[in-house]
Structures are given as structure tokens and as C-alpha cells.
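Coordinate analysis (summary)
Residues per chain, in single letters:
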Amino acid sequence: MYVLCSPCILNPALRAEGITKPSDLEAFERTKTRCDAFGIEMIPLPCPETLFLGPDRPPGTFLERLDTPAFFRLMDELEAQVEKIISKHGPPLCIIGVNSSPTCGVTSTWYGSRGNELPKRKGRGVFLSRFPRIPAIDTLVFAQYRIYLAAPLFSESERFYNSRLADLLRKNLFEVYLPQETGDDSDTRKKDEQENLFSANKKALEDADIIVAVIDGADADSGTAWEMGYAFALGKRVIALRTDFRSVGINEKVNLMLEQSATVVNSSEALIGAIQSPLKTCVP
């Protein structure tokens, strides 16, 4: 299993001068950490900008500096090199790109202005757009892989469902913190155990990139609701899974405050899409 990736993820010195922020470097490191953790080989794409303009270059758009026949000839050559890699290794899991790059952007790119157009536009960069058949994920998204799974855990059926859901998320290359796996599964806890569990779960929420919350039932579990609210206050991404077909109102499935603070999905398949899994495995 391997990914193709923008070469600057492995070597930030390839980027244009002055554009790399600490948050970019953190995302690059966590992208590498995720690949290491799940045994994913990272094969760098060639960098058309560096090869054409050199490593010491100011930022610029495609139309300003790269829209030339010579650059298109270079991209033709580099595209052929990438196709040889794919022929040798098989299809990659995905391409990990870097948004805003004129060549390796995934959902946005500094393309340049024509007429009244804005210089930044939606879509892939000019090099990644040559591989439309390969899914692409921005490194800032790929780096968000630590999930806190919030769910009721009081019955055998609830714990079994939670475990299967955690297994599904792990199969999709996510690290999962599930409270029931850390001792939060009994009503016989002493006071110090309760305090330790609260602290451990709170820290796991703070460390997580994404909170997945199961909100089935006539009303959401109170502990799960607290975890969702705390995560939302921290600015975390919250995705609520509700497979229960009951509704509490015309426009509400379960609770207005929970629904407005989360992306609500109705199946494990929709959950896998919402967390932007590179594998998109849906069967636990």
C-alpha cells in the first residue's frame, strides 16, 4: 500500500519562499506519522515548480510564471515518470497534495486572474489535474486521523456496536480512542478511578482531530452529549452518527443543539465518507 505525495511534504525546502507556516510543518509531520503507523509507503511526486523555477523562488500563480510551452513540456515528461511509477507499483491509495499550490493543490489553487476572476480558484493544481482517476486528499485533511469515539457503553449490545465501529474506523486508517477500552465500562468504580477516567477522556478529546459521536436512541446519551459539546467548544470537528429513524421534530432528528454543532450522518457508509477516509472501506 502506498500513496503518491507532493514532494514538499517530505522536503518543505522545495516550497516557495516564505509560504510555509508552523501549521503546515505540523501537518506534514502528522501526515508522515500516519503513514508510518499504518505501513503506508510515501512516494514523492516530482516537483514541476522547483525543476522549472529553481528552489529559491518567490510565491506566484500559474498564469504569472508557469503558463508557457516549456513548462507544459516539462509536465508531459513528469507525467510519464509518474505513470511508470504506477505501472510498477500498481494504483496508489491516493495522492496527498498541498492546497493552494499552483501545481499540487487538491481543492484550491493559486491559478491566477483573467479578467475579473479571482487568482485563487477551486479545483486541482495543473499537475495533479493530470491524474483525475486517482483520489486526492489535502495534507491538512490527511493529517487529521485521531478519532475520539463517543457513544453510550452501558449494555453488551452498545459495547459490541462501539467495538465494531472502532474496528471499521481503524480499517480506514484512523487511530481511535474508545473509552470502553480504557476502563470506562463498569458501575463499580471508586472515586479515584472516576477522576482518572474523566481526566483521561478529557485529554483524549483535547488531543483528537475528529470526534465521532453515536446519538441513537430517543434522546442522545448524556455523556456523549457532554463530549460533543466540549469538543465543539474546543473547535474540533464533530460528526454525529444516527442510524435511528425516529425524529423529535419536523426539522430535528434528536436535538437542535447537538445537530447544529455537528455533521449528522445516518449510516456507517456515510460516516466513512464524512471523515474522508482514503480507503473508503465500509464493511467492518
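In what follows, the structure referred to is the one given above.
A short tour of the structure in this document, coming up. (Residues numbered from 1 in each chain as written. Predicted model: local features only at pLDDT ≥ 70, side-chain atom pairs only at ≥ 80, totals over all residues. Heavy atoms only, no water.)

Things to note about the packing of aromatic side chains
For any two aromatic rings, the description comes down to two numbers: the centre-to-centre distance and the angle of the planes. All chains considered together, the criterion is met by eight aromatic pairs. Taking 6.0 Å as the distance between ring centres and 90 degrees as the angle between the ring planes, the aromatic pair formed by F62 and F72 counts as edge-to-face. Of the two residues, F62 is situated in helix α4 (residues 62-65) and F72 in helix α5 (residues 69-89); the sequence distance between them amounts to 10 residues. A residue is classified by how much of its surface remains accessible, and F62, at 2% relative accessible area, is buried. For F72, a relative accessible area of 33% corresponds to the partly exposed category. Pairing W226 with Y230 gives two aromatic rings, centres 5.1 Å apart and planes at 15 degrees, and the pair type is stacked. On the criterion of helical spacing, the pair formed by W226 and Y230 is a turn pair, its members being four residues apart in helix α9 (residues 222-233). Sitting over the face of the ring of F142, R34 holds its NZ or CZ atom 4.5 Å from the ring centroid. (Phe/Tyr/Trp six-rings, centres within 6.5 Å; stacked < 30°, edge-to-face > 60°. Helix = DSSP H or I, 4+ residues; strand = E, 2+ residues; numbered from the N terminus. Buried < 20%, exposed > 50% of the residue type's maximum accessible area, 1.4 Å probe, protein only. Lys NZ or Arg CZ within 6 Å of the ring centre and 35° of its normal.)

What about the sheet that holds strand β3 (residues 95-97)?
Within the open sheet, the four strands sit side by side as β2-β1-β3-β6. Their pairing is parallel. In this open sheet, the two edge strands, each paired with only one partner strand, are β2 (41-44) and β6 (136-138). Each neighbouring strand pair of the sheet contributes to a mean axis angle of 30 degrees, computed without reference to strand direction. Bridge count between strand β1 (residues 2-5) and β2: four bridges; the pairing is parallel. The residue bridging C5 from the neighbouring strand is P44, located in β2. The sheet strands contacting helix α2 (residues 22-37) are β1, β2 and β3, and the helix crosses β2 at an angle near 135 degrees. (Pairing = 2+ DSSP bridges. Axes fitted to C-alpha atoms, helices over the stretch in contact; angles between N-to-C directions. Contact = heavy atoms within 4.5 Å.)

Things to note about unusual backbone geometry
With the exception of glycine, the majority of residues adopt a negative phi angle, and the majority of peptide bonds are in the trans configuration. Of note in the backbone geometry, S100 takes a positive phi value of approximately 85 degrees without being a glycine. In this structure, S100 sits in the loop between β3 and β4 (108-110).

What to know about the pattern of salt bridges
Under the criterion given, the structure shown has 16 salt bridges. Where K202 meets E206, a salt bridge forms, and the shortest distance between an N and an O atom there is 2.9 Å. Of this pair, K202 and E206 both sit in helix α8 (residues 191-207), four residues apart, roughly one helical turn. Under the relative-accessibility criterion, K202 is labelled partly exposed at 29%. Several salt bridges converge on common partners, so that one network encompasses E26, R30, R146 and D209. (Salt bridge = Lys/Arg side-chain N within 4 Å of Asp/Glu carboxyl O.)

What about the sheet that holds strand β8 (residues 175-177)?
Strands sit in the order β8-β7-β9-β10-β11 across an open sheet of five strands; the sheet is parallel. Each of the sheet's edge strands pairs with one partner strand only, and the pair in question is β8 and β11 (263-265). Sheet twist, expressed as the average angle between the axes of neighbouring strands with direction ignored, equals 25 degrees. Sheet strands in contact with helix α7 (residues 156-171) are β7 (146-150), β8, β9 (210-214) and β10 (237-241), and its direction is about 165 degrees off that of β7. Across the sheet, α8 is in contact with β7, β8 and β9; its angle to β7 comes to roughly 135 degrees.

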